[in-house]
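Coordinate analysis (summary)
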Amino acid sequence: MVWVLFTLIKVPQLGRTEKLAWEFVFRFRGVLVTVSYEKFGLHAHVDSEGVEDDQAAAALVADLFDRLGRAATIVEKHVLKDLLVEQLNGGFITVANRFHRLRRAYEYFRSRSENPQLVEPKSVEVNRSENGAGLLAPLFAGKIQAFELREASQFDRAAAVNAYMSLLEHLLVFAFAFSDLDPADSKLERFIGSTWRDKWKDVVDVADPEAKRQFDSLIALAEEIRNPASHGGFDRQRSLIYFHIPGLGVVPVQMSSAEPPDHWLLSGSSLSEVPDSAWTTLDHVDAWLESGPLQFVHAWAVEGLDAQFDPVFRGKLREAVKDDDAFEQFLVRCSHESDMTTNMDW
């Protein structure tokens, strides 16, 4: 936004050089200042002859960026608002790649869920009386700790599933760039804000049996784990709701939804020895993403490249995905160009 503001008011620009993308020079409150975007971020330089000391220079820069921030709000609201919507739905945008960050979040929570011993259990104080009362306390103390570990594992499992679904949505947005969908007709803004199910239906052929199987497995997983954790504990089985039946008492709406006995808690076996269908489901989806119809999208995201939605670049993408070798060459070339840009090796 700094570049946009300075360009709009026609502040002189010095151009770019090695490790520097742009630099503007101007006077602020009578002091010569330059603002530049360099390899390691935004920089401001103040003419030392125009200020008393470093503290005064820092105050000057803080005032400058405070004013720029307020100006940016005005420009976004009154100048760029309509243009931004037009650019978005025309596909003239780039979506930053956050694949690896989202993946790390999923793997972090999954590791904690699979290995809850990493979570320190609460200590349970055991009192033994002289007459032998409380001899069973150590047994129950162990069960209490086991329960606490299992509960912590479930918390992290819900977080892991939620992180994975976020990762999946990120990939599905990238998939739009690889598709034949028209940003204007399909309203890219609407697509980005839609649910993961709607995104899937837009960019994946749900008539494909394997794609449908993965889709259904993710829906089941979301309804079992993600949705209750995100919506106050309420699930499709209405397991939080109880009917008041005269003469009988309070009865669950669906008694068949009761969870099976906790074998791990009773047997004392390691949690890592207990199979979890959530991980099996997500591992199968991972394998499908890497080898199925979204394999090029997945490879692009893994490479760390941003997704461009403009017509020219999408045309190159669609041409490249027609052949494995052509896509690999295109991926390598784009990755090299991205590295050069990131390093500002002009």
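See the structure above.
What comes next concerns the included structure. Every value quoted in this text rests on a predicted model; they were computed, and no experiment measured them. (Residues numbered from 1 in each chain as written. Predicted model: local features only at pLDDT ≥ 70, side-chain atom pairs only at ≥ 80, totals over all residues. Heavy atoms only, no water.)

Overview of the side chain of His-170
Counted only if it meets this: Secondary structure follows DSSP: runs of H or I at least 4 residues long count as helices, runs of E at least 2 residues long count as strands, and numbering of each begins at the N terminus. We call two residues contacting when some pair of their heavy atoms lies within 4.5 Å.
As for its position among the elements, His-170 is in helix 4 (residues 137-178). Contacts of His-170, omitting those with residues within four sequence positions, involve Ala-96, Asn-97, Arg-98, Phe-99 and Leu-102.

What about the pattern of salt bridges?
Keep this limit in mind: What counts as a salt bridge is simple: a side-chain nitrogen of Lys or Arg found within 4 Å of a carboxyl oxygen of Asp or Glu. Buried residues are those whose accessible area, probed at 1.4 Å on protein chains only, stays under 20% of the maximum for their type, while exposed residues exceed 50% and partly exposed ones sit between those limits.
Per the stated rule, a full pass over the model turns up 16 salt bridges. Among the salt bridges present, the one from Asp-156 reaches Arg-112, with a minimum N-O distance of 3.2 Å. Here Asp-156, found in helix 4, pairs with Arg-112, found in helix 3 (residues 99-114); they are 44 residues apart in sequence, far enough to count as distant. Overall, Arg-112 belongs to the partly exposed group, its relative accessible area being 28%. Residue Glu-223 pairs with Arg-197 through a salt bridge whose shortest N-O separation is 3.4 Å. Residue Glu-223 is found in helix 8 (residues 209-230), and its partner Arg-197 is found in helix 7 (residues 196-203); the two are separated by 26 residues along the sequence.

Focus on the environment of Leu-64
Considering the arrangement of structural elements, one finds Leu-64 in helix 2 (residues 54-90). For Leu-64 and Ala-44, which are 20 residues apart along the polypeptide, the C-alpha to C-alpha distance reads 9.8 Å. With residues near it in sequence (within four places) discarded, Leu-64 still touches Phe-26, Phe-28, Val-33 and Val-35.

Points about unusual backbone geometry
Here the phi dihedral of Lys-19 falls at roughly 70 degrees; this positive angle occurs in a residue that is not glycine. Residue position: Lys-19 is located in the loop between helix 1 (2-8) and strand 1 (20-28). Residue Lys-19 is classed as partly exposed on the basis of its relative accessible area of 30%. One non-glycine residue, Met-344, lies in the positive phi region at around 55 degrees. Considering the arrangement of structural elements, one finds Met-344 in the segment after helix 13 (324-342). Taking relative accessible area as the criterion, Met-344 reaches 4% and is therefore assigned buried.

Quick word on the environment of Phe-296
As for its position among the elements, Phe-296 is in helix 11 (residues 295-302). By relative accessible area, Phe-296 is classed as buried at 16%. Sequence separation between Phe-296 and Phe-327 is 31 residues; the distance between their C-alpha atoms is 7.9 Å. Look past the residues within four positions of Phe-296 in its chain and what remains in contact with it is Phe-178, Val-321, Asp-324 and Phe-327.

Observations regarding the packing of aromatic side chains
Stated precisely, the cut-off is as follows: The criterion for an aromatic pair is that two Phe, Tyr or Trp rings (for Trp, the six-membered ring) have centres within 6.5 Å, with stacked assigned to planes under 30 degrees apart, edge-to-face to planes over 60 apart and tilted to the rest.
A full pass over the atoms with the stated rule returns 17 aromatic pairs. Ring geometry for Phe-6 against Phe-26: centres 5.1 Å apart, planes inclined by 50 degrees, an arrangement best described as tilted. Of this pair, Phe-6 sits in helix 1 while Phe-26 sits in strand 1, and the two are 20 residues apart along the sequence. Here Phe-176 and Phe-191 contribute two aromatic rings whose centre-to-centre distance is 4.9 Å and whose plane-to-plane angle is 55 degrees, an arrangement assigned as tilted. Note that Phe-176 is positioned in helix 4 and Phe-191 in helix 6 (residues 188-193), a separation of 15 residues in sequence. Residue classification places Phe-176 among the buried positions, given a relative accessible area of 0%. Taken together, the aromatic side chains of Phe-6, Trp-22, Phe-24, Phe-26 and Tyr-37 make up a single cluster linked through ring pairs.

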